[in-house]
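Structural description and commentary
So the chains spell out like this:
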Amino acid sequence: MSAERREGHGYDELRGEGWTRLLAAARRRLERTGGALDGDIGLTAPGEAERRTVIGITGRYRPETVKRLAIPLRDLDGYLYDRYGTGLLQTLGRLHGPLRDRPAERADEQARREQALTSAHSSRLAGQGWFAAWLDRIAADGTLTRLVRRGDAPLLDAAVRVLERMADDGERIPGPAVGALPLPVLAEWATGDTKALVPGTPLEQLVLRALARRAGDDAAVPRDRAGRRALWESAGAIADDLASQVLVLNIGAEGDTVVCDWLRDAADFGIPFRLTLHQLATDPVVPAARIVFVCENPAVLRAAAGELQDTAAALVCTEGVPSAACHKLLGDAVRAGARLHWRADFDWAGLRITAGAVARHDARPWRMTAADYTAALGEGESTPLAGPPAASPWDPGLALAMEASGSAVMEERLLPALLSDLTGT
């Protein structure tokens, strides 16, 4: 054999059609087993060139009708060493680059997964059910594996830091408060990158999945922008202080700022007005009203503006789950001595919203008793209750009555009574 061949040169033969599938099969097998030369590799439906190659390697005749060829790896290794001076592993490396050690890669990947999970489980939030369920889910559905493979495993620690930053006393994540965190500030604090929590980033996805799990066992991350913004606000972070708004009627204002002037002018004419969180944060507003009614649906506020105009009592509409702007305005009102009378739809979400207002703002439920529900239920058609049940601690009979009937009643059903209350204050 020539010195050139003994040094491993002259592999042109191995690039021919008789060798291509054979060497590819050998590479797959060796990468899968960490380079072990035990066992055979096989070729199904071999071509003529492949049949002749295998005969040359093994020294055993194979008929043209053969359907599958099996070649011991050690025979292939010996053949290549004798012919080229390089065994199978070295030959494959020179032809197509180094072989992967997949068992070692899997072991390393598993070690990095376990390290990331161990770090996350050391969080002060680890004892909370929603947090543990979130970690279990991302470990089981492939999310953590994808992060590890992309080299993004540190994002899990960053997500935990974000959740801890929003946590209060290690026991709960509060709703948005006076000092609610803008997302860029929160992102820079956790990662050093102000854009780490912009929509669509892996970190945003991780944190929102945790917040959705906190909101309910079966809760999913909202697909719409408004829903995602509300989810952030429920945890005390502000995605957009201009998009966070609250709809009001006749609340008036104390103070000599521009926004206070606008509110007084709107109240003088009974005109609905929208406030942004940005306005409330930069131009503080203290509502002049000592009693503020709170409803969930804009239809109630629209009816009050249309029928009662400037004679209606101060009214704030949450338009569903209260925004950060809504909580800021009402929190300031309560701290200034106002009393809130709060109601929502007779559905499970409405009970949760009202219970949250009672706990957070010491609000008084407004026509949210079992008797009110029963009366409204008899006024017309209703829709089925959906989602997980909720409690009504201010009137336990309300939740029981709703569960028994299985029907949700929107607050518009009580409109005459609500307008009467707004007139009498």
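Because the structure is a prediction, the values reported are computed rather than measured. Counting restarts for each chain: residues are numbered from 1 in the order of the written sequence. It should be noted that, the model being predicted, local features are given only for residues of pLDDT at least 70 and side-chain atom pairs only at 80 or more, the latter also being counted only at that level, while totals for whole chains, interfaces and linings use all residues. Note that water and hydrogens are dropped before the side-chain values are worked out from all heavy atoms of the structure.

Whether a residue is buried, partly exposed or exposed follows from its accessible area with a 1.4 Å probe, protein chains only, as a fraction of its type maximum: under 20%, in between, or over 50%, in that order. Helix and strand assignments follow DSSP, with helices taken as H or I runs no shorter than four residues and strands as E runs no shorter than two, numbered in order from the N terminus. Of all the positions in helix α12 (residues 225–234), only Gly227, Arg228, Arg229, Leu231, Trp232 and Glu233 are classed as buried. Just downstream of α12 lies Gly236, where phi reads positive at about 90°.

Let us now look at the layout of surface pockets. As a volume, the second largest pocket reaches approximately 270 Å³. Site definitions follow a grid-based scheme: protein atoms alone, a 1 Å grid, a 1.4 Å probe that fits but cannot get out for cavities, and for pockets an open set with protein on both sides within 12 Å along at least five of seven lines, plus lining residues having an atom within 4 Å of a point. Along the walls of the second largest pocket sit 15 residues, with Leu183, Pro199, Arg225, Ala239 and Asp240 positioned nearest its centre. Of all elements in the fold, only α10 (183–191) and α12 reach the threshold of two or more residues within the lining of the second largest pocket. Residue contributions to the lining of the second largest pocket peak at four residues, all from α12. Within the lining of the second largest pocket, the residues separate by chemical class into nine nonpolar, one polar and five charged. Grid points are joined across faces, edges and corners, and a volume is the space filled by probe spheres set on the points. Put simply, Ala, Val, Leu, Ile, Met, Phe, Trp, Tyr, Cys and Pro go in the nonpolar bin, Asp, Glu, Lys and Arg in the charged bin, and everything else, Gly too, in the polar bin.

Attention now moves to unusual backbone geometry. Positive phi is not limited to glycine here, since Gln309 has a value of about 50°. Locating Gln309 in the fold gives a position in the loop between α15 (298–307) and β8 (315–317). At Glu319, a position not held by glycine, the phi torsion is positive, near 50°. With respect to the helices and strands, Glu319 occurs in the loop between β8 and α16 (324–335). For Glu319, a relative accessible area of 34% gives the class partly exposed.

Each residue carries a pLDDT value, the predictor's own confidence for that position, ranging from 0 to 100. When pLDDT is averaged along the chain, the result is 88; 94% of the residues meet or exceed 70. Whether two residues are in contact is decided by their heavy atoms: any pair within 4.5 Å suffices. Every residue in residues 169–179 is under pLDDT 50, and counting partners more than four places away or in other chains gives 35 contacts.

Moving on, we come to the side chain of Thr318. Here Thr318 shows up in the loop between β8 and α16. Polar contact is defined as a pair of N or O atoms within 3.5 Å, subject to the rule that within protein one atom must be able to donate a hydrogen and the other to accept it, and that residues adjacent in sequence are counted only when both atoms are side-chain atoms. Among the polar contacts listed, one links the side chain of Thr318 to the backbone oxygen of Gly320, at a separation of 2.7 Å. Other than its neighbours up to four places away in sequence, Thr318 contacts Val294, Cys295, Glu296, Cys326 and Trp342.

This part is about the packing of helix α2 (residues 20–33) against helix α6 (residues 102–121). For helices, the fitted line uses only the C-alpha atoms of the stretch in contact; every axis is such a line through C-alpha atoms, and the angle between N-to-C directions lies from 0 to 180 degrees. Interhelical geometry of α2 versus α6 gives an angle of 40° and a closest axis separation of 5 Å. Overall, the two elements α2 and α6 adopt an arrangement that is oblique. Between α2 and α6, the residues in contact are Glu31, Arg32 and Thr33 and Arg102, Pro103 and Arg106, respectively. The residue inventory of the contact of α2 with α6, partitioned by class, reads one nonpolar, one polar and four charged. The scheme is simple: roughly parallel for angles under 35 degrees, roughly antiparallel for over 145, roughly perpendicular for 65 to 115, oblique for anything else.

In the sections that follow, a salt bridge refers to a side-chain nitrogen of Lys or Arg positioned within 4 Å of a carboxyl oxygen of Asp or Glu. In the structure shown here, the tally under the stated rule is 24 salt bridges. For Arg21, the salt bridge goes to Glu50, with nearest N and O atoms at 2.8 Å. One end of the pair, Arg21, is in helix α2; the other, Glu50, is in helix α3 (residues 48–58), and 29 residues separate them in sequence. For Arg21, a relative accessible area of 34% corresponds to the partly exposed category.

The buried fraction of strand β7 (residues 291–295) is high, at four of five residues. In the sheet, β7 pairs with strand β9 (residues 339–342) via four bridges, with the strands oriented parallel. Opposite Phe293, over in β9, you have His341 as the bridge partner. Two strands pair under a simple rule: DSSP has to find at least two bridges between them. Inspection of the sheet shows β7 paired to β8 by three bridges, in the parallel sense. Across the sheet, residue Phe293 finds its bridge partner in β8, namely Leu315. Orient the strands so they point away from the viewer; a crossover is then right-handed if the path from the first strand over the helix to the second runs clockwise. Assessed by its sense of winding, the connection that carries the chain from β7 through α15 to β8 is right-handed.

The next subject is the sheet that holds β9. Pairing is mixed in the open sheet, where six strands are placed in the order β6-β5-β8-β7-β9-β10. Each of the sheet's edge strands pairs with one partner strand only, and the pair in question is β6 (273–276) and β10 (364–365). For β9 and β10, the ladder comprises two bridges, and the chain directions are parallel. Bridging across to β10, Trp342 finds its partner in Pro365.

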